[in-house]
Amino acid sequence: MTQIITVVQEKGGAGKTTLLISIASLMVADGAKVAVIDTDPKDDLYDWADMGQTDLDYLFVKHDEELMPAIKKLKSSDAKYDAILIDTAGFKSAMAVYAINAAALVLIPSKANKGDAKGAIKTYAHVQSVAENMDKEIKSYVVMMDIDANTNITHAVLDAIDEQEIPRLNAVCAHRTGFKEMTTTGKGPEKSAKEAAKVVLAELQIKKALNYYGGENGEAAA
Ligand SMILES: Nc1ncnc2c1ncn2[C@@H]1O[C@H](COP(=O)(O)OP(=O)(O)OP(=O)(O)O)[C@@H](O)[C@H]1O
Ligand SMILES: [Mg+2]
């Protein structure tokens, strides 16, 4: 069963594309059949995938109304994808609503700054309202990106998110050059970045959030 995973955060530059690429490439390394859909006009994800260094299928979707048909087509294709990961633009959009609506799992990245934390909190509320409107459950987690663990600002941001009782992964994609290098190599994270990303993936597995690893997420409507 194909699982749709959407990465969303209404504040730009929080690490959406970095998180998506990290998870997608680790899943590919584990033998998963993966497709990625870039819906962000900046097409960073598409550019990365187009370097051809990672064995996955990819497409760019420009118009809101094209997203659901694109997902349907991928899901019914002979490729039998284990997961389709959708990247979104760093602002509120109808496209993001479609992408959230299609998902069984939503990941909300946040760096350790006030703007990102605010964005993560608002984005989580937005995901919940989409889920309520559609009368379904969408598992969602905040994932901290690009952080230095023991700084005051990191603690303040974690406290702000936790005060709202928003589900958050303990695992983080800490500040590592290996995450930045992915955009030039076309590959997944390497060295210490890979180790960090693997811990994020492992926590998602433990939470049974990833169907490929025996997770329990329901099928999303698409
Ligand atoms: N863990 C990390 N370590 C180092 N750099 C990081 C990390 N996470 C993200 N970055 C850097 O932060 C910047 C923004 O990340 P990214 O492009 O993934 O964010 P985004 O949310 O997709 O942005 P946009 O809203 O513009 O699409 C990039 O330069 C990326 O390399
Ligand atoms: Mg991006």
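Residues numbered from 1 in each chain as written. Chains lettered and ligands numbered in written order. Predicted model: local features only at pLDDT ≥ 70, side-chain atom pairs only at ≥ 80, totals over all residues. Heavy atoms only, no water.

Student: Please provide a residue-by-residue account of the overall build of the chain, values included.
Tutor: Across its full length, the chain holds 8 helices and 7 strands. Taking 2.2 N^0.38 as the reference for a compact globule, 222 residues should give roughly 17 Å; the C-alpha atoms of the chain span a radius of gyration of 16 Å, in line with that estimate. A total of 222 residues make up the chain; the buried ones form 50% of that total. Taking all contacts inside the chain whose residues are at least 6 apart in sequence as the whole, residues at least 24 apart take part in 76%. (Helix = DSSP H or I, 4+ residues; strand = E, 2+ residues; numbered from the N terminus. Rg over C-alpha atoms; globule rule 2.2 N^0.38 Å. Buried < 20%, exposed > 50% of the residue type's maximum accessible area, 1.4 Å probe, protein only. Contact = heavy atoms within 4.5 Å.)

Student: Describe the packing of helix H5 (residues 114–133) against helix H6 (residues 152–163), listing the residues and the values that go with them.
Tutor: Between H5 and H6, whose axes approach to 10 Å, the crossing angle comes to 15°. Considering the angle they form, H5 stands roughly parallel to H6. In this structure, H5 crosses over H6, and the sense of that crossing is right-handed. Residues Lys114, Ala117 and Ile121 of H5 form the contact with H6, whose participating residues are Val157, Ala160 and Ile161. Residues belonging to the contact of H5 with H6 are distributed by class as follows: 5 nonpolar, no polar and 1 charged. (Axes fitted to C-alpha atoms, helices over the stretch in contact; angles between N-to-C directions. Parallel < 35°, antiparallel > 145°, perpendicular 65-115°, else oblique. Left-handed = near helix turned anticlockwise from the far one by under 90°. Nonpolar A, V, L, I, M, F, W, Y, C, P; charged D, E, K, R; others polar.)

Student: Just give me the short version of the nonpolar core, but keep the residues and values in it.
Tutor: Among the nonpolar cores identified, the biggest contains 37 residues, and Leu19, Val34, Val36, Leu85, Leu107 and Leu204 are the most heavily contacted of them. It is helix H1 (residues 16–29) that provides the largest number of residues to this core, a total of 8 residues. Contact partners of Val34, with chain neighbours within four places excluded, come to Ala24, Met27, Val28, Leu56, Asp57, Tyr81, Ala83 and Leu85. (Core = buried A, V, L, I, M, F, W, Y, C linked by side-chain atoms within 4.5 Å.)

Student: Explain helix H8 (residues 191–206) to me, and be specific about the residues and the numbers.
Tutor: Compared with the 22 Å implied by 1.5 Å per residue over 16 residues, the 23 Å span of H8 between its first and last C-alpha is a close match. Among the residues of H8, those classed as buried are Ala193, Ala196, Ala197, Val200, Leu201, Glu203 and Leu204. Considered in projection along H8, the buried side chains sweep an arc of 160° and stay on one side of the axis. Structural note: H8 exposes Lys191 and Ile206 on the side pointing more than 90 degrees away from its buried face. (Expected span 1.5 Å × (residues − 1). Arc of directions from axis to C-beta.)

Student: Lay out the site of ligand 1 with the relevant residues and their values.
Tutor: Close to ligand 1 lie 19 residues, the nearest being Lys16, Thr17, Thr18, Lys42 and Lys111. Between Thr18 and ligand 1, the recorded distance is 2.5 Å, taken from a side-chain N or O atom to an oxygen atom. Between Ala174 and ligand 1, the recorded distance is 2.9 Å, taken from a backbone N or O atom to a nitrogen atom. In this structure the site holding ligand 1 corresponds to the largest pocket. Of all the secondary-structure elements, those providing two or more residues to the shell around ligand 1 are H1, strand S6 (139–147), strand S7 (173–174) and helix H7 (177–185). The element best represented in the shell around ligand 1 is H1, accounting for 3 residues. Residue classes in the shell around ligand 1 are distributed as 5 nonpolar, 7 polar and 7 charged. (Near = heavy atom within 4 Å. Polar contact = N/O pair within 3.5 Å; in protein donor to acceptor, adjacent residues only side chain to side chain. 1 Å grid on protein atoms, 1.4 Å probe; cavity = no way out; pocket = protein on both sides within 12 Å on 5 of 7 lines; lining within 4 Å. Sits in = over half its atoms within 2 Å of the grid points.)

Student: Go over the pairing of strand S2 (residues 34–38) with me, naming the residues and quoting the values.
Tutor: Of all 5 residues making up S2, 5 are buried, and the element is well covered by its neighbours. The side-chain alternation of S2 yields two buried faces, one formed by Val34, Val36 and Asp38 and the other by Ala35 and Ile37. The handedness of the S2 to strand S3 (residues 57–60) crossover, carried by helix H2 (residues 44–49), is right-handed. (Right-handed = clockwise from strand over helix to strand, strands pointing away.)

Student: If you had to explain the pattern of salt bridges to someone new, which residues and values would you point to?
Tutor: Counted according to the given criterion, the structure contains 7 salt bridges. Where Asp44 meets Lys42, a salt bridge forms, and the shortest distance between an N and an O atom there is 3.6 Å. Across the pair Asp146 and Lys111 runs a salt bridge whose closest N-O atoms are separated by 3.5 Å. With Asp146 in strand S6 and Lys111 in strand S5 (residues 105–111), this pair connects stretches of sequence that are 35 residues apart. We classify Asp146 as partly exposed; its relative accessible area is 30%. (Salt bridge = Lys/Arg side-chain N within 4 Å of Asp/Glu carboxyl O.)

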